[in-house]
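Working through the structure, step by step
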Amino acid sequence: MQRLCEGIILSKKGFGEGHLILNFLDSEFGKITLTSYGSALETGKRRALLLSGSFIEGLIKTAPKNNDRYLLSDTKTIFSMDNIREDLKPMGFAFFTLEILDMLIMERDLFPYYSDLYTAFTLFDQTLDEKYLLFFLAKFLNGESWLDIPEQDRLQEQTKRFILDSLTHPIEFLQGKNISTPRRHELSYFYAHAVKRAKNIMPHSLELLRFHEF
């Protein structure tokens, strides 16, 4: 079996001599694991395409003699985080978002927020304003009941309103709106605590968020 796919690379790790295993969020089939042979080689053309945070198109096929293993080939970039990667602060928020998704989405669970995720990343790339990613995370985490934790009662009213707005408004709703630094800080740590309650570990990328630079 083979098919064309579209999705985002949540994370990757190398194995063997220049190969990659990708945690991939497929727009149609949810989170799956892909193998890409030769992609980690220094001179490999696909090396620059298969970065965490990249939205790509590609050809997926099942491995010979193992229908539970998927191979990726013929990749093309739809959206790259090149602009985001130029600054540590926005890169931190991007990896914070990717890590939360990678930790909470179960293998092969359908992901109805894919369009929102793509919109959030494209607006973030254009503005380097992490409010779009924080709004997306509110939409995803609240929509899946991950935010139903005791810490929610201690949030500021403006923060609670931000989370509730995410359930009834598109990502573009934030265009032209300013989110204060305390609000961004409170949202980020609230999301991190929700992940810790679910997985018993804080997102490592929380350390990359640089609120002192605002």
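Below is a short write-up of the structure. Just so it is clear, the structure is predicted and the values come from calculations on it, not from any experiment.

**Brief notes about helix H1 (residues 88-104)**
Compared with the 24 Å implied by 1.5 Å per residue over 17 residues, the 24 Å span of H1 between its first and last C-alpha is a close match. Capping the start of H1 is the job of one residue whose side-chain oxygen sits 2.9 Å from the backbone nitrogen of Lys89: Asp87.

**Thoughts on the nonpolar core**
With 50 residues, the main nonpolar core has Phe111, Leu117, Phe121, Phe136, Phe140, Phe162 and Tyr191 as its most contacted residues. Of all the secondary structure elements, the ones that give two or more residues to this core are strand E1 (2-15), H1, helix H2 (114-127), helix H3 (131-143), helix H4 (157-168) and helix H5 (181-199). Top contributing element to this core by residue count: H3, with 9 residues. Once you skip the residues sitting within four places of it in the chain, Phe121 turns out to touch Ile8, Phe55, Phe79, Met81, Ile84, Ala94, Thr97, Leu98 and Leu133. Among the nonpolar cores identified, the runner-up in size contains 12 residues, and Ile32, Leu34, Ile60 and Leu72 belong to it.

**Focus: the environment of Gln152**
Structurally, Gln152 can be placed in the loop between H3 and H4. Overall, Gln152 belongs to the partly exposed group, its relative accessible area being 23%. For the pair formed by Gln152 and Phe190, sequence separation is 38 residues and the distance between their alpha carbons is 7.7 Å. Here Gln152 is in contact with Asn142, Leu147, Lys160 and Phe190, once residues within four sequence places are set aside.

**Describing the packing of H3 against H5**
Two packed helices can be described by the angle between their axes and the distance between those axes. The N-to-C vectors of H3 and H5 enclose an angle of 40°; their axes lie 11 Å apart at closest approach. The angle between the axes of H3 and H5 places the two elements in the oblique class. H3 and H5 meet at a crossing whose hand is left-handed. Contact residues: Lys131, Leu134, Leu137, Ala138 and Leu141 in H3; Arg184, Leu187, Ser188 and Tyr191 in H5. For the contact of H3 with H5, the per-class residue count stands at 6 nonpolar, 1 polar and 2 charged.

**Brief notes about the pairing of strand E4 (residues 55-63)**
The buried count for E4 comes to 7 of 9 residues, which makes it a mostly enclosed element. Where E1 and E4 come together, 7 bridges link them in antiparallel fashion. Looking across to E4, one finds that Cys5 is bridged to Gly58.

**Some words on the side chain of Lys31**
One can find Lys31 in strand E3 (residues 30-36). Within the structure, the side chain of Lys31 is placed 2.7 Å from the backbone oxygen of Asp102, a separation counted as a polar contact. One polar contact links the side chain of Lys31 to the main-chain carbonyl oxygen of Ile105, over a distance of 3.4 Å. If sequence neighbours within four positions are ignored, Lys31 has contacts with Leu10, Asn23, Phe24, Leu25, Asp102, Ile105, Met106, Glu107, Arg108 and Asp109.

**Section: the pattern of salt bridges**
Tallied over the entire structure, the rule returns 10 salt bridges. Residues Lys76 and Glu57 are paired through a salt bridge, measuring 3.3 Å at the closest nitrogen-oxygen approach. Note that Lys76 is positioned in strand E5 (residues 66-79) and Glu57 in strand E4, a separation of 19 residues in sequence. In this structure, Glu130 engages Arg184 in a salt bridge whose closest nitrogen and oxygen atoms are separated by 2.9 Å.

**Focus on the environment of His185**
With respect to the secondary-structure elements, His185 resides in helix H5. You can call His185 partly exposed: its relative accessible area is 35%. For the pair formed by His185 and Phe211, sequence separation is 26 residues and the distance between their alpha carbons is 6.9 Å.

**Topic: the pairing of strand E2 (residues 19-26)**
The buried count for E2 comes to 6 of 8 residues, which makes it a mostly enclosed element. Pairing geometry for E1 and E2, over 8 bridges, is antiparallel. Its bridge partner being in E2, Phe15 is matched across the sheet by His19. Between E1 and E2, which pair antiparallel one after the other, the connecting turn spans 3 residues, and Gly16 there sits at a positive phi close to 60°. Here E2 runs beside E3; their pairing, made up of 7 bridges, is antiparallel. Within the sheet, the bridge partner assigned to Leu22 lies in E3 and is Leu34.

Quick notes on the rules
Residues numbered from 1 in each chain as written. Predicted model: local features only at pLDDT ≥ 70, side-chain atom pairs only at ≥ 80, totals over all residues. Heavy atoms only, no water. Helix = DSSP H or I, 4+ residues; strand = E, 2+ residues; numbered from the N terminus. Expected span 1.5 Å × (residues − 1). Polar contact = N/O pair within 3.5 Å; in protein donor to acceptor, adjacent residues only side chain to side chain. Core = buried A, V, L, I, M, F, W, Y, C linked by side-chain atoms within 4.5 Å. Buried < 20%, exposed > 50% of the residue type's maximum accessible area, 1.4 Å probe, protein only. Contact = heavy atoms within 4.5 Å. Axes fitted to C-alpha atoms, helices over the stretch in contact; angles between N-to-C directions. Parallel < 35°, antiparallel > 145°, perpendicular 65-115°, else oblique. Left-handed = near helix turned anticlockwise from the far one by under 90°. Nonpolar A, V, L, I, M, F, W, Y, C, P; charged D, E, K, R; others polar. Pairing = 2+ DSSP bridges. Salt bridge = Lys/Arg side-chain N within 4 Å of Asp/Glu carboxyl O.

By themselves, these observations are geometric and do not establish any function.
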